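Each chain is listed here by its residues.
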Amino acid sequence: MSHQENIDEKLARLAGATARVQPRADFSSRVMQRIGQEQLGTLYALRTPARRFLPLGMLAAAAAMFWAVSVDSQVTEALASSDDMELVW
């Protein structure tokens, strides 16, 4: 019980010491202005690293398109050659 009483006494002392602490009058407007600056800064900060990976992404997209066309032509040939042929995936 003494530990619990000790915590309650500390909390009461802290509550009394911080009762007069209040934000300044323009606190909300400054916070909202800073949030707007951070969001704008984040978008610009992401643009630079994204440009570095753009060629890699374009190469990956081209490889995926080539693979898709290749598979499509193989399936078309397999279906056109014989009706008895079984496709193995």
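This report concerns the structure included in the present document. (Residues numbered from 1 in each chain as written. Predicted model: local features only at pLDDT ≥ 70, side-chain atom pairs only at ≥ 80, totals over all residues. Heavy atoms only, no water.)

A closer look at the overall build of the protein
Check the secondary structure of the protein and you find two helices and zero strands. Taken across its 89 residues, the protein has 1% of its residues classed as buried. Carbon and sulfur atoms provide 64% of the accessible area of the protein, an area that totals close to 8600 Å². (Helix = DSSP H or I, 4+ residues; strand = E, 2+ residues; numbered from the N terminus. Buried < 20%, exposed > 50% of the residue type's maximum accessible area, 1.4 Å probe, protein only. Areas by Shrake-Rupley, 256 points an atom, 1.4 Å probe, with all protein chains shown as cover.)

Some remarks on the pattern of salt bridges
A full pass over the atoms with the stated rule returns one salt bridge. Of the charged contacts in the structure, one is a salt bridge between Asp26 and Arg30, with a shortest N-O distance of 3.4 Å. The exposure class of Arg30 is partly exposed, given its relative accessible area of 35%. (Salt bridge = Lys/Arg side-chain N within 4 Å of Asp/Glu carboxyl O.)

These values are about where atoms sit, not about what they do.
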